[in-house]
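Structural features, examined
Listed below are the residues making up each chain.
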Amino acid sequence: IDPISKRYAILLNTQTSTDYLTNIVTKKIYNSYSSDYFLPISETTNKYLGTQLQGSTTSVTNYFAPSFGVGSNYHIGRPKDITTTTTVYVDTPSGTPDTKTSKIEYAYNNGNLSQTKKTPNSDTVSIIEDFTYFSNGLLQSKTISATGTTAANQVAPRTTTFTYDTTNRFVKTIRDPELMVTTN
């Protein structure tokens, strides 16, 4: 509670769910929130089989500064990057916990997501997704490529394109990287 303005915020601390078919209990802990808009900054998800901890995932999200423009220029809580650390405690070959870290970076243009860069386990190779849009904001194409590759593991970019019906409400066709066209 803010002693001056008397404002308060109800923030989630812990969320627990149980899958009764597999007996897996998922416990999500919200470690910290931003002080301005109460956006979740750090979250930890623990998975239990019965009462034994099987693995945990901690995600730390950084956000772009809010923009109070008009229309697509107005945003609060637009992620800049998310760093995820995952630890597995059981069934590893060495018997010791196995930890992996990955990062996703986001870029925006005219209010639309223009690029994501996914880097697994602090690797030099990253998967890049580039998005282009029609003037009305509908997705026109998505291209997946890789950076940091060598001649031995180089891959060609793969593009998927979209068209829409005359009302611009429904996807009309999707052309995948193999040039196969799906018509709705």
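Scoring rules and cut-offs
- Residues numbered from 1 in each chain as written.
- Predicted model: local features only at pLDDT ≥ 70, side-chain atom pairs only at ≥ 80, totals over all residues.
- Heavy atoms only, no water.
- Helix = DSSP H or I, 4+ residues; strand = E, 2+ residues; numbered from the N terminus.
- Rg over C-alpha atoms; globule rule 2.2 N^0.38 Å.
- Lys, Arg positive; Asp, Glu negative; His and termini not counted.
- Charge placed at Lys NZ, Arg CZ, Asp CG, Glu CD.
- Salt bridge = Lys/Arg side-chain N within 4 Å of Asp/Glu carboxyl O.
- Pairing = 2+ DSSP bridges.
- Axes fitted to C-alpha atoms, helices over the stretch in contact; angles between N-to-C directions.
- Patch = residues over 30% accessible without salt bridge, like charges linked within 9 Å, V, L, I, M, F, W, Y side chains within 5 Å.
- Areas by Shrake-Rupley, 256 points an atom, 1.4 Å probe, with all protein chains shown as cover.
- Buried < 20%, exposed > 50% of the residue type's maximum accessible area, 1.4 Å probe, protein only.
- Polar contact = N/O pair within 3.5 Å; in protein donor to acceptor, adjacent residues only side chain to side chain.
- Phe/Tyr/Trp six-rings, centres within 6.5 Å; stacked < 30°, edge-to-face > 60°.
- Lys NZ or Arg CZ within 6 Å of the ring centre and 35° of its normal.

For the rest of this paragraph, the subject is the overall build of the protein. When helices and strands are counted, the protein shows 0 helices and 14 strands. Counting from the amino terminus, the protein carries its helices and strands in the arrangement β-β-β-β-β-β-β-β-β-β-β-β-β-β. Radius of gyration (C-alpha) of the protein: 21 Å, far over the 16 Å computed for a compact globule of 184 residues. For the protein, the spread of C-alpha atoms along the principal axes amounts to about 55 × 50 × 35 Å. Side-chain charges in the protein split into 16 positive and 14 negative, and the spacing between the mean points of these groups amounts to 5 Å.

Counted by the stated rule, this structure contains 5 salt bridges. Among the ionic pairs, Glu129 bridges to Lys118, the shortest N-O distance being 3.3 Å. Taken as a pair, Glu129 in strand S10 (residues 126–133) and Lys118 in strand S9 (residues 112–120) lie far apart in primary sequence, 11 residues in all. As a salt-bridge pair, Glu129 and Lys142 come within 3.6 Å of each other at their nearest N and O atoms.

Moving on to the sheet that holds strand S3 (residues 40–49). Taking strand neighbours across the sheet as the criterion, the 12 strands line up as S1-S2-S3-S4-S7-S8-S9-S10-S11-S12-S13-S14 in an open arrangement whose pairing is antiparallel. The outermost strands of the open sheet, each flanked by one partner alone, are strand S1 (14–19) and strand S14 (181–183). Strand-to-strand twist across the sheet, computed as the mean angle between neighbouring axes with direction ignored, equals 15°.

Before going further, it helps to spend a moment on the environment of Val70. Note that Val70 resides in the loop between strand S5 (67–68) and strand S6 (74–75). Sequence-wise, Val70 and Asn121 are 51 residues apart; in three dimensions their C-alpha atoms are separated by 38 Å.

Attention now moves to a nonpolar patch on the surface. Taken together, the side chains of Tyr37, Phe68, Tyr74 and Ile76 define a hydrophobic patch exposed on the protein surface, amounting to about 400 Å² of accessible area. If you trace the backbone, Phe68 turns up in strand S5. You can call Phe68 exposed: its relative accessible area is 54%.

Relative to the elements of secondary structure, Thr173 occurs in strand S13 (residues 171–175). Here Thr163 takes part through its side chain, which lies 2.3 Å from a polar atom of the side chain of Thr173.

What follows concerns the packing of aromatic side chains. Under the definition given, this model contains 5 aromatic pairs. Measuring from ring centre to ring centre gives 6.1 Å for Phe68 and Tyr74, while their planes differ by 55°; the resulting arrangement is tilted. A cation over a ring is seen here: Arg78 above Tyr108, with NZ or CZ 4.4 Å from the ring centre.

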